[in-house]
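Observations on chain architecture
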Amino acid sequence: MTLQQAFDNFIFSRRIQGLADKSIDCYMSFIKPFMVHIGSEIDISMINRDLVNAYIEKLLKRPISRATVATYVRHIKIFLKWIEEEYEFCIQADKIKVPKTPKKVLHIYTDDEIRRIFDSVRANDEWIRLRNCCAIALMLDSGLRQNEVCTLQRADINFQSGTMKICGKGNKERVVPFGKITRHYMTLYDSLCPYHEEYFLVSRSGNRLTTNAVKLFIQKIAKNLPFPFSSHKLRHNFATNYCINQYEQKGSVDIYSLMLLMGHEDVETTQRYLHFAQQIIATKSSISHLDKLLIS
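Residues numbered from 1 in each chain as written. Predicted model: local features only at pLDDT ≥ 70, side-chain atom pairs only at ≥ 80, totals over all residues. Heavy atoms only, no water.

**Topic: the overall build of the protein**
- Scanning the protein from N- to C-terminus turns up 13 helices and three strands.
- Out of the 296 residues belonging to the protein, those deemed buried represent 41%.
- Considering only intrachain contacts with a sequence separation of at least 6, the fraction spanning at least 24 residues in the protein is 61%.
- Put simply, the protein has 41 plus and 31 minus side-chain charges, and the middle of one group is 6 Å from the middle of the other. (Helix = DSSP H or I, 4+ residues; strand = E, 2+ residues; numbered from the N terminus. Buried < 20%, exposed > 50% of the residue type's maximum accessible area, 1.4 Å probe, protein only. Contact = heavy atoms within 4.5 Å. Lys, Arg positive; Asp, Glu negative; His and termini not counted. Charge placed at Lys NZ, Arg CZ, Asp CG, Glu CD.)

Here it is in structure tokens:
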């Protein structure tokens, strides 16, 4: 079997699993260059770690960030691991090293910054302003992704219990809570919105809100803020604050509960938020030895 045939089968398997078109496009974009490099007509039995490592070396010489290189390698690794399992070839995909990327410190919004975010939401129609506030609150308060905000269905919201059913990546469903402020924005928006369609958040014409529309109004707000602001950062803030709040209330963090709330497939993806939270907790509880010596 050729590499191209295996790749076609791999993409088909991902479509059957219900992966979004965006995820499929990512696999196409990050794996295709690798196939061009080693030859798409090569027999899959000829693939080995030396070929992969040679390609990684080529990527590292290109004028792209190490984070981008790591993304290429992660997608290739997933594809090769699938080939191993599907066709019982020993490529040793698990031993392929993903280049390390610089760890960045997340910007955790202060209470004043969060107020400033909501104060920065502007629109000609009040129901549109409230809709945008809802979207921000859902990402910050419940950790929803952009697409999950847009595909939230009216029938899946339980205002009484403060919970909602979310359809995430791969059509995997999960139940997540929302707080009083989010409920406040959702209730106001619902009372003023001229449409009551299947999807909760809608466009001016009553159609489902698109991720591009969310991206555009988020970018517009970001221009008026003196600190970093994006959909991803709202979701990151939710996860990090969840860890901090759990530690302050219980003295420990249930990372597996956070994994379920975030819709992650494995705990390793969630683990980084615990690391960020531990840094913040350590900073808060730090006592200056020098101050103790000099202040009397």
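Having seen the structure, we can now continue with the description.
**Thoughts on helix H3 (residues 49-61)**
- Compared with the 18 Å implied by 1.5 Å per residue over 13 residues, the 19 Å span of H3 between its first and last C-alpha is a close match.
- For H3, the elements touching its buried residues are helix H2 (21-38) and helix H4 (66-87). (Expected span 1.5 Å × (residues − 1).)

**A closer look at the nonpolar core**
- Residues Ile136, Met164, Tyr189, Leu201, Phe229 and Leu258 are the most contacted members of the largest nonpolar core, which totals 56 residues.
- In this structure, Ile136 is in contact with Ile117, Phe118, Val121, Phe217, Ile218, Ile221, Phe229 and Leu234, ignoring residues within four places of it in sequence. (Core = buried A, V, L, I, M, F, W, Y, C linked by side-chain atoms within 4.5 Å.)

**A look at the packing of aromatic side chains**
- Enumeration according to the criterion identifies 17 aromatic pairs in this entry.
- Relative to Tyr87, the ring of Trp82 has its centre 5.7 Å away and its plane inclined at 85 degrees; by these criteria the two rings are edge-to-face.
- By relative accessible area, Trp82 is classed as buried at 11%.
- Pairwise contacts between aromatic rings join Phe7, Phe10, Tyr27, Phe79, Trp82 and Tyr87 into one cluster. (Phe/Tyr/Trp six-rings, centres within 6.5 Å; stacked < 30°, edge-to-face > 60°.)

**Describing the pattern of salt bridges**
- The tally for this structure, following the rule as stated, stands at 10 salt bridges.
- The partner of Glu148 in a salt bridge is Arg145, with the nearest N and O atoms 2.5 Å apart.
- With relative accessibility at 16%, the residue Arg145 sits in the buried group.
- With a shortest N-O distance of 3.7 Å, Asp156 and Lys165 are connected by a salt bridge.
- On the basis of relative accessibility, which here comes to 34%, the residue Lys165 falls in the partly exposed class.
- One salt-bridge network, in which partners are shared between bridges, spans Arg145, Glu148 and Arg174. (Salt bridge = Lys/Arg side-chain N within 4 Å of Asp/Glu carboxyl O.)

**Topic: the side chain of Ser203**
- Tracing the backbone shows Ser203 in the loop between helix H8 (180-192) and helix H9 (211-222).
- Relative accessible area serves as the criterion here: at 19%, Ser203 is assigned to the buried category.
- Only 3.0 Å separates the side chain of Ser203 from the side chain of Ser205, close enough to count as a polar contact.
- In contact with Ser203, other than residues within four places in its own chain, are Trp127, Arg131, Tyr195, Arg208 and Leu209. (Polar contact = N/O pair within 3.5 Å; in protein donor to acceptor, adjacent residues only side chain to side chain.)

**Quick word on the pairing of strand E2 (residues 163-167)**
- A one-sided burial pattern is seen for E2, the buried positions being Met164 and Ile166 and the unburied ones Thr163, Lys165 and Cys167.
- Bridge count for strand E1 (residues 157-158) against E2 is two bridges, and the pairing is antiparallel. By the bridge assignment for E2, Ile157 is matched with Met164.
- Here E2 pairs with strand E3 (residues 173-177) via five bridges, running antiparallel. Residue pairing in the sheet places Cys167 in a bridge with Glu173 of E3.
- Linkage of E2 to E3, two consecutive antiparallel strands, is achieved through a turn of five residues, within which Gly170 is found at a positive phi near 65 degrees. (Pairing = 2+ DSSP bridges.)

**Topic: the layout of surface pockets**
- In this structure, the second largest pocket spans a volume of roughly 620 Å³.
- Taken together, 25 residues line the second largest pocket, and the ones lying closest to its centre are Ile114, Leu140, Asp141, Asn241 and Asn245.
- Taken together, the elements giving at least two residues each to the lining of the second largest pocket come down to helix H5 (111-119), helix H6 (126-142), H8, helix H10 (231-250) and helix H12 (267-285).
- Each residue belonging to the lining of the second largest pocket can be placed in one class, and the counts come to 14 nonpolar, six polar and five charged. (1 Å grid on protein atoms, 1.4 Å probe; cavity = no way out; pocket = protein on both sides within 12 Å on 5 of 7 lines; lining within 4 Å. Points joined across faces, edges and corners; volume = space filled by probe spheres on them. Nonpolar A, V, L, I, M, F, W, Y, C, P; charged D, E, K, R; others polar.)

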